[in-house]
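Residue strings, one per chain:
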Amino acid sequence: MPHDFLQPLTGCFACPAGENPTVAMIEAAYRHHDLPWRYINCEVTPDNLAAAVAGARAMGWRGFNCSIPHKVAVVEHLDGLGESAQIIGAVNTIVARDGKLIGENTDGKGFVRALSRTCDPKGMKVVLLGAGGAARAVAVELALAGVAQITVVNRSATRGEAVAQLINEKTPATATYQPWDSTYSIPPETGIVVNVTSIGLYPDVDSTPDIDHDSLRPGMVVADGIPNPPRTKLLQAAEARGCKTADGLGMLVGQGVIGLKYWTGIDVDAEVMRQALNDLGL
Ligand code: NDP
């Protein structure tokens, strides 16, 4: 049988890129499923994003992820958007389809997939900390999954109000914006608290979102998007107060499963990916 030394390429463009463990998770899935594919983690600054996308195109990459700070900026370099990426206005997964680069968004879908192992979000009230690209994706998918109400708590009013407006206009849920200029107390009727700010991400591991930890009550579900380290100070505080928790590794695995389906057409084994992340001992 002839050898084929040309490996299908995928990867990630981000800045910083070094703290993102996705490469370990995806390459473990490729090995497990005997796929000769590779995933290359690249540090790409904003002024090099256009050239990086052109490079991926020129080299025939099958697709790539975009992370901080490229999820919105990458849109103008693509040939089209999938449906949920269009609503969200941000892209984290690019798929080469028939010679075109199409932007998809798996952040919110991955989050909901992971959260559903902890609770059924239908009818719940949500406090969403953050209003960046990941927060928009999570808010839209939670709304489509049937949550009743979302309070968007964010430092920048422009971004916070935009997410609330998006939910009110494009989904069946309702949302309000809450300014975040002092310690925020979680309302007692809240069912799910989600941190989708970048606060707590390595190396900034001692930082934690400015909320009153004593307003976290047993029975609330506290989910953190931060994958590294997965046991954030927020999740530790939530566990200490009897809350159920969902960590950022679950979200990362969830969106990885969906992304790999887009790229390879295969339903990859989520446990293999979670194990690869656990083995890193983050
Ligand atoms: P963005 O840069 O688009 O948004 C960052 C958000 O964090 C904004 O709401 C910003 O507020 C807020 N923020 C940052 N620093 C502070 C601060 N000091 N005080 C208050 N608010 C702050 O990033 P993304 O939305 O793309 O990503 C956010 C996080 O989600 C990242 O840490 C990323 O690791 C994580 N993530 C995890 C995934 C997973 O699979 N586990 C997938 C995707 C993302 P403001 O608007 O006021 O600037």
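Residues numbered from 1 in each chain as written. Predicted model: local features only at pLDDT ≥ 70, side-chain atom pairs only at ≥ 80, totals over all residues. Heavy atoms only, no water.

**Focus on the environment of Leu234**
Line of reasoning, step 1. Assignment of secondary structure puts Leu234 in helix H7 (residues 233-240).
Line of reasoning, step 2. For Leu234 and Asp210, which are 24 residues apart along the polypeptide, the C-alpha to C-alpha distance reads 9.7 Å. (Helix = DSSP H or I, 4+ residues; strand = E, 2+ residues; numbered from the N terminus.)

**Overview of the site of the ligand**
Line of reasoning, step 1. As a structural note, the neighbourhood of the ligand is formed by 24 residues, with Ala134, Asn154, Ser156, Arg159 and Gly225 the closest of them.
Line of reasoning, step 2. Alone, the ligand offers 920 Å² of accessible surface; in the complex the protein occludes 81% of this.
Line of reasoning, step 3. The pocket occupied by the ligand, as judged from atoms lying within 2 Å of grid points, is the largest pocket.
Line of reasoning, step 4. Of all the elements in the fold, those that place two or more residues in the shell around the ligand are helix H5 (133-144) and helix H8 (248-264).
Line of reasoning, step 5. In terms of residues, the shell around the ligand owes the most to one element, H8, which gives four residues.
Line of reasoning, step 6. The residue makeup of the shell around the ligand, split by class, is 10 nonpolar, 10 polar and four charged. (Near = heavy atom within 4 Å. Areas by Shrake-Rupley, 256 points an atom, 1.4 Å probe, with all protein chains shown as cover. 1 Å grid on protein atoms, 1.4 Å probe; cavity = no way out; pocket = protein on both sides within 12 Å on 5 of 7 lines; lining within 4 Å. Sits in = over half its atoms within 2 Å of the grid points. Nonpolar A, V, L, I, M, F, W, Y, C, P; charged D, E, K, R; others polar.)

**Section: the layout of surface pockets**
Line of reasoning, step 1. Space inside the largest pocket adds up to approximately 1100 Å³.
Line of reasoning, step 2. If you trace the largest pocket, you find 47 residues lining it, with Ile68, Ala134, Val196, Thr197 and Ser198 closest to the centre.
Line of reasoning, step 3. Going through the elements one at a time, strand S1 (9-14), strand S3 (63-66), H5 and H8 are the ones with two or more residues in the lining of the largest pocket.
Line of reasoning, step 4. With four residues, H8 is the single largest residue contributor to the lining of the largest pocket.
Line of reasoning, step 5. Partitioning the lining of the largest pocket into residue classes produces 20 nonpolar, 19 polar and eight charged. (Points joined across faces, edges and corners; volume = space filled by probe spheres on them.)

**Here's the deal with the packing of aromatic side chains**
Line of reasoning, step 1. Scanning the entire structure with this criterion turns up four aromatic pairs.
Line of reasoning, step 2. For the pair Phe13 and Trp61, a centre-to-centre distance of 5.6 Å together with 45° between the ring planes defines the contact as tilted. Of this pair, Phe13 sits in strand S1 while Trp61 sits in the loop between helix H2 (49-58) and S3, placing them 48 residues apart in sequence. Like Phe13, the residue Trp61 is buried in the burial classification.
Line of reasoning, step 3. An aromatic cluster of three or more residues is present, and its members are Phe13, Trp61 and Phe64.
Line of reasoning, step 4. A cation sits over an aromatic face here: Arg62 above Trp37, 5.1 Å from the ring centre. (Phe/Tyr/Trp six-rings, centres within 6.5 Å; stacked < 30°, edge-to-face > 60°. Buried < 20%, exposed > 50% of the residue type's maximum accessible area, 1.4 Å probe, protein only. Lys NZ or Arg CZ within 6 Å of the ring centre and 35° of its normal.)

Keep in mind that these numbers describe shape and distance, not what the molecule does.
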